[in-house]
Amino acid sequence: MKHILSFRVVLIVLGVFGLIMGSSVVSAEVTFVHEVEADDLFSGRKAVTLTTGYGADGIYMDQRREYTGSWMRLLFGGVRRDRRTVVISLGGGEIRELDWGRDTCRIFPLDRLKDPLWIHSLEKPREDLQPLMVDRYQVQAPQLTITSDGTEERIGNYRCRHVKAHLQLDTFDRLREAHSVTEVQQDLWLSDEVPGLAESLRVHQSLGDLLGLEKERFGPLSFLLSYWQGSLQPIAGDLEKVRGYPVKTRVRVTAHYIPKEGESKRVSRLVNEETSMLKEVIPAIDKALYAVPSHFTTVRVP
């Protein structure tokens, strides 16, 4: 089940480094480095370094995490570190994932990215439980809003626009007559001034053309849009607000339980909060960072 989380990484990393607007600065290759501070309900605090390269042959992503929370320190006798690497190969038509903890390289067909529901379906219960789940739970259509007041703020060396996106997922439990609501609030500080935008846009456009998907699905809102089924045309006007490179991103995920007694008995809990900051732009890709070590076992996943 380890690969489930890694595909979440694909969506989130694409969102962190995603683009839907070009720039006057063009390079054959570009690498963006972000530093992320996160606090998760289950694993506690962690520091993450995300390195993503864009080149003519695809997208290269490397994630290194340090679990610094007190509970994880106690469990592992110190700071636990792990690493996960993903390469989306346009020419090869595949997704290559390196699991450094298990010395394994897993290869998935690129077509898997055509249907984001496939990623979410990996977390569903066994097939024999599906009829019961369908009868008991009623999943509402996701609600997504995107707002921007047009104000500018300087983040580091870049002038940025502040954009807010809000996603609400509501599931009704018929047996308990209760609602489980998940809210995702994403704040983005977007800039047109970050170098390397043109190359990133070109690669995302190529990936979208190859898969028959809108390029916005690989942009800053990729994780939120993975819950949006069908054409993006109904929200095209809102998506126009999300233009530029995400110099800074803050995500808050909150879970609510609303029993049949109503709002007065609502229970809410912050599940995850993380902030990402752009630290460096490099006009090249270090391919050695993403190479498969000779001792790794390679497994092809259909």
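Here goes a summary of the coordinates provided. (Residues numbered from 1 in each chain as written. Predicted model: local features only at pLDDT ≥ 70, side-chain atom pairs only at ≥ 80, totals over all residues. Heavy atoms only, no water.)

A closer look at the overall build of the chain
- Summing up its helical and strand segments, the chain has seven helices and 14 strands in all.
- Put simply, of all contacts in the chain between residues at least 6 apart along the chain, 65% involve residues at least 24 apart.
- Element-wise, carbon and sulfur atoms account for 52% of the exposed surface of the chain, whose accessible area totals about 15,200 Å². (Helix = DSSP H or I, 4+ residues; strand = E, 2+ residues; numbered from the N terminus. Contact = heavy atoms within 4.5 Å. Areas by Shrake-Rupley, 256 points an atom, 1.4 Å probe, with all protein chains shown as cover.)

Quick word on the environment of Ile-146
- Structurally, Ile-146 can be placed in strand β8 (residues 143–147).
- Separated by 94 residues in sequence, Ile-146 and Glu-240 have C-alpha atoms that sit 9.7 Å apart.
- Ignoring sequence-local partners within four residues, the contact set of Ile-146 consists of Val-163, Lys-164, Ala-165, Leu-221, Asp-238, Leu-239, Lys-241 and Val-242.

Things to note about the packing of aromatic side chains
- Taken as a whole, this structure holds four aromatic pairs when the rule is applied.
- Look at Phe-32 and Tyr-54: their rings are 6.1 Å apart centre to centre, the planes differ by 70 degrees, and that puts the pair in the edge-to-face class. In this pair, Phe-32 sits in strand β1 (residues 30–40) while Tyr-54 sits in strand β2 (residues 44–55), placing the two residues 22 residues apart along the sequence.
- Ring-pair connections join several aromatic residues into one group, and the members of that group are Phe-32, Tyr-54 and Tyr-245.
- A cation sits over an aromatic face here: Arg-83 above Trp-100, 3.9 Å from the ring centre. (Phe/Tyr/Trp six-rings, centres within 6.5 Å; stacked < 30°, edge-to-face > 60°. Lys NZ or Arg CZ within 6 Å of the ring centre and 35° of its normal.)

Overview of the layout of surface pockets
- Looking at the second largest pocket, its volume works out to about 170 Å³.
- What lines the second largest pocket is a set of eleven residues, among which Lys-215, Glu-216, Ala-236, Leu-239 and Glu-240 lie closest to the centre.
- Counted by class, the lining of the second largest pocket contains four nonpolar, two polar and five charged residues. (1 Å grid on protein atoms, 1.4 Å probe; cavity = no way out; pocket = protein on both sides within 12 Å on 5 of 7 lines; lining within 4 Å. Points joined across faces, edges and corners; volume = space filled by probe spheres on them. Nonpolar A, V, L, I, M, F, W, Y, C, P; charged D, E, K, R; others polar.)

So, the nonpolar core
- Ile-88, Val-194, Leu-207 and Val-247 are the most contacted members of the largest nonpolar core, which totals 26 residues.
- At the level of elements, β1, β3 (58–67), β4 (80–89), β10 (158–173), α5 (197–211) and β12 (245–258) are the ones that each hand at least two residues to this core.
- By residue number, the principal contributor to this core is α5, which donates four residues.
- With 20 residues, the next largest nonpolar core counts Ile-146, Leu-167, Leu-188 and Leu-224 among its residues. (Core = buried A, V, L, I, M, F, W, Y, C linked by side-chain atoms within 4.5 Å. Buried < 20%, exposed > 50% of the residue type's maximum accessible area, 1.4 Å probe, protein only.)

Re α5
- Across its 15 residues, α5 extends 21 Å between first and last C-alpha, which sits within 8% of the 21 Å expected from 1.5 Å per residue.
- Within the span of α5, buried status applies to Leu-197, Ala-198, Glu-199, Ser-200, Leu-201, Val-203, His-204, Leu-207, Gly-208 and Leu-211.
- Following α5 by one or two positions, Gly-212 has its phi on the positive side, about 75 degrees. (Expected span 1.5 Å × (residues − 1).)

Section: the pattern of salt bridges
- This structure, assessed with the given rule, holds 20 salt bridges.
- A salt bridge links Asp-62 to Arg-64; its shortest N-O distance comes to 3.0 Å.
- Between Glu-97 and Arg-84 there is a salt bridge, with the nearest N and O atoms lying 3.0 Å from each other. Highlighted residues: Glu-97 in strand β5 (residues 94–99) and Arg-84 in strand β4, separated in sequence by 13 residues.
- On the basis of relative accessibility, which here comes to 11%, the residue Arg-84 falls in the buried class. (Salt bridge = Lys/Arg side-chain N within 4 Å of Asp/Glu carboxyl O.)

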